[in-house]
Amino acid sequence: MSVGGNQAWWRRYPRVVDAAVVLVTLFLTLGMMRFAGRPPTMRVLEPVDYGYAAAACAVLIVRRRWPVGVLVVTVLLAVGHGAMRGHGPQFLPGQVALYAVAAARGGRAGLAAGAVLLTTAVTTQMVVAPGELSLGVVALFTSTGLAVAAGAGVRTQRAYVATLEERAVRAERARREEAARLVGEERVRIARELHDVVAHQLTLINAQAGVALYLHEGGQDEPTRLVETLSHVKDDSKQALAELRSIVGLLGTPEVPREPVPGLDRLDDLAASFARAGLTVEVRRRGEARTVPSAVDVSGYRIVQEALTNVSKHAATGIARVCLDYAHDTLKIVIADDGAGRGSGGGSGRGLIGMRERAAAVGGEVTAGHRPGGGFSVEAALPLGDQ
């Protein structure tokens, strides 16, 4: 919440405040000039008195913009008025201007200006009306000190409020940036999941549909296999819809998906789904298989899924091999094929980028390239942490 949103009314309407200050200062100045002297007596004010009071107070309107200039003008007017009337000058407008100097420039500037004002007032009093010197010295020093102290205090308070407002703005900006970052990360995650599901399932459905079309065009000798292939298409499309519904459902509600997130324990089912599409997948495991961190489990499964999808789409082969090697603190996954038709530019490249992003998200890495003896391989090294 912005600190500036709860400003006091006098900060929201500075012109009203300035007008009120001018009127109050004018009223007090006329009163102090009327009741002055030694002993204090009621004086009859002349036009020059009203003229001085009006001019000295009117100039206070611009004290916020030119505080030092206004102070100089009010002091000169006070000295000139005192010399013309033959009695001590009235410095109340000058003290209001002194307050503005301290509020705008700080306590040091206010003290320096106050010293100049006091020196000018005492000197003028000694020259014009020496008999009245002791009458207002204490009051003059006290009021001048109060003006400087009040101005410096207001400046400190304004600086404090400005600091709070700046902190509030920075906190709000940081909150928005963090929210935008989290939204961006979630979008990338959902896009990655959608890519994996769509690329895998549609590749299988496309391959199986091709087999069904081939069987249909080849004659009526294998109706059982045709029905079996179409059944696989139905099952794979149903599974794809379920996974898509689970992913897209996260956009609307934060409910926990009903279907378990696939992991490395479902590699055999994954291999069977590719087998129905005509790609034989051999899965081997080395080392002592054990429970791995959930993030590594999901990332490893998706990497294998994407790599096998690329084999099915781009490699001119019907066999792929998947090897899981459980080391002490690293799970190494190798997906290889012997196909001759695969090339690094066979697709958009989004699959390899997605695999690298998944590995990097858990602190691992993925390398891919052509094998020396032919074919293509994808190798992933995922950390297992302390086991």
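Residues numbered from 1 in each chain as written. Predicted model: local features only at pLDDT ≥ 70, side-chain atom pairs only at ≥ 80, totals over all residues. Heavy atoms only, no water.

**What to know about the pairing of strand 3 (residues 280–286)**
Within a regular strand, side chains alternate between the sheet's two faces.
For step 1, the next point in the chain: Of the pairings in the sheet, the one linking strand 3 to strand 4 (residues 319–326) comprises seven bridges and is parallel in character. Note that in strand 4 the partner of glutamate 282 across the bridge is arginine 321.
For step 2, the next point in the chain: Traced from strand 3 through helix 10 (residues 294–314) to strand 4, the parallel crossover comes out left-handed. (Pairing = 2+ DSSP bridges. Helix = DSSP H or I, 4+ residues; strand = E, 2+ residues; numbered from the N terminus. Right-handed = clockwise from strand over helix to strand, strands pointing away.)

**A word on the environment of alanine 54**
For step 1, the next point in the chain: For alanine 54, the location among the structural elements is in helix 3 (residues 47–58).
For step 2, the next point in the chain: The exposure class of alanine 54 is partly exposed, given its relative accessible area of 39%.
For step 3, the next point in the chain: With 32 residues separating them in the primary sequence, alanine 54 and valine 22 have C-alpha atoms 9.0 Å apart. (Buried < 20%, exposed > 50% of the residue type's maximum accessible area, 1.4 Å probe, protein only.)

**A closer look at the pairing of strand 7 (residues 376–383)**
For step 1, the next point in the chain: Two strands pair when backbone bridges link them, and strand 5 (residues 330–337) and strand 7 are joined in this way by eight bridges, in the antiparallel orientation. Residue pairing in the sheet places alanine 336 in a bridge with serine 377 of strand 7.
For step 2, the next point in the chain: Note that strand 6 (residues 365–370) and strand 7 share six bridges and pair antiparallel. The residue of strand 7 that forms the bridge with threonine 367 is glutamate 379.

**Description of the packing of aromatic side chains**
For step 1, the next point in the chain: Following the criterion strictly, the structure yields zero aromatic pairs and no others.
For step 2, the next point in the chain: Over the aromatic face of tryptophan 66 sits the side chain of arginine 65, whose NZ or CZ is 5.4 Å from the ring centroid. (Phe/Tyr/Trp six-rings, centres within 6.5 Å; stacked < 30°, edge-to-face > 60°. Lys NZ or Arg CZ within 6 Å of the ring centre and 35° of its normal.)

**Side note on the sheet that holds strand 5**
For step 1, the next point in the chain: In space, the five strands of this open sheet follow the order 3-4-5-7-6, with mixed pairing throughout. At either margin of the open sheet sits one strand with a lone partner, and together these are strand 3 and strand 6. Ignoring strand direction, the axes of neighbouring strands in this sheet form an average angle of 10 degrees.
For step 2, the next point in the chain: Against the sheet, helix 9 (residues 267–276) engages strand 3 and strand 4, with an angle of about 160 degrees to strand 3.
For step 3, the next point in the chain: Sheet contacts for helix 10: strand 3, strand 4, strand 5, strand 6 and strand 7; angle to strand 5, the most-contacted strand, approximately 10 degrees. (Axes fitted to C-alpha atoms, helices over the stretch in contact; angles between N-to-C directions. Contact = heavy atoms within 4.5 Å.)

**A word on helix 5 (residues 92–105)**
For step 1, the next point in the chain: The end-to-end C-alpha distance of helix 5 is 20 Å, a good match for the 20 Å that 14 residues give at a rise of 1.5 Å each.
For step 2, the next point in the chain: Counting buried positions along helix 5 gives 11 out of 14 residues, so the element sits mostly inside the fold.
For step 3, the next point in the chain: Among all positions of helix 5, only Leu92, Pro93, Gly94, Gln95, Val96, Ala97, Leu98, Ala100, Val101, Ala102 and Ala103 are buried.
For step 4, the next point in the chain: Of the residues one or two after helix 5, glycine 106 is the one with positive phi, at around 105 degrees. (Expected span 1.5 Å × (residues − 1).)

**Digging into the pattern of salt bridges**
For step 1, the next point in the chain: Summed over all chains, the structure comprises eight salt bridges.
For step 2, the next point in the chain: Among the ionic pairs, arginine 63 bridges to aspartate 18, the shortest N-O distance being 3.1 Å. One end of the pair, arginine 63, is in the loop between helix 3 and helix 4 (67–85); the other, aspartate 18, is in helix 2 (residues 14–34), and 45 residues separate them in sequence. Residue arginine 63 shares its accessibility class with aspartate 18, and that shared class is buried.
For step 3, the next point in the chain: Aspartate 338 is the partner of arginine 321 in a salt bridge, and the nearest nitrogen-oxygen pair spans 3.0 Å. You can see arginine 321 sitting in strand 4 and its partner aspartate 338 sitting in the loop between strand 5 and helix 11 (350–361), a full 17 residues away along the chain.
For step 4, the next point in the chain: By relative accessible area, which is 46% here, aspartate 338 ends up partly exposed.
For step 5, the next point in the chain: A single network of salt bridges, built from pairs that share partners, joins Asp18, Arg63 and Arg64. (Salt bridge = Lys/Arg side-chain N within 4 Å of Asp/Glu carboxyl O.)

**Describing the side chain of threonine 74**
For step 1, the next point in the chain: Looking at where threonine 74 falls in the secondary structure, it is placed in helix 4.
For step 2, the next point in the chain: What makes threonine 74 buried here is its relative accessible area of 1%.
For step 3, the next point in the chain: Among all residues touching threonine 74, those that are not within four sequence positions of it are Ala56, Val59, Leu60, Pro93, Gly94 and Ala97.

**Structural notes on the confidence of the model for the chain**
For step 1, the next point in the chain: When the pLDDT values of the chain are averaged, the result is 79; 77% of them are 70 or greater.
For step 2, the next point in the chain: Below pLDDT 50 for its whole length, residues 1–5 participates in eight contacts with residues either more than four positions away or in separate chains. (pLDDT = per-residue confidence, 0-100.)

**Considering the packing of helix 4 against helix 6 (residues 107–128)**
For step 1, the next point in the chain: At their nearest, the axes of helix 4 and helix 6 sit 10 Å apart, and the two run at 10 degrees to each other. The angle between the axes of helix 4 and helix 6 places the two elements in the roughly parallel class. Note on element contacts: helix 6 touches helix 4 through Ala113, Leu117, Thr120, Thr124 and Val128, opposite Leu71, Val75, Val79, Gly82 and Ala83.
For step 2, the next point in the chain: Here the contact of helix 4 with helix 6 is composed, by residue class, of seven nonpolar, three polar and no charged. (Parallel < 35°, antiparallel > 145°, perpendicular 65-115°, else oblique. Nonpolar A, V, L, I, M, F, W, Y, C, P; charged D, E, K, R; others polar.)

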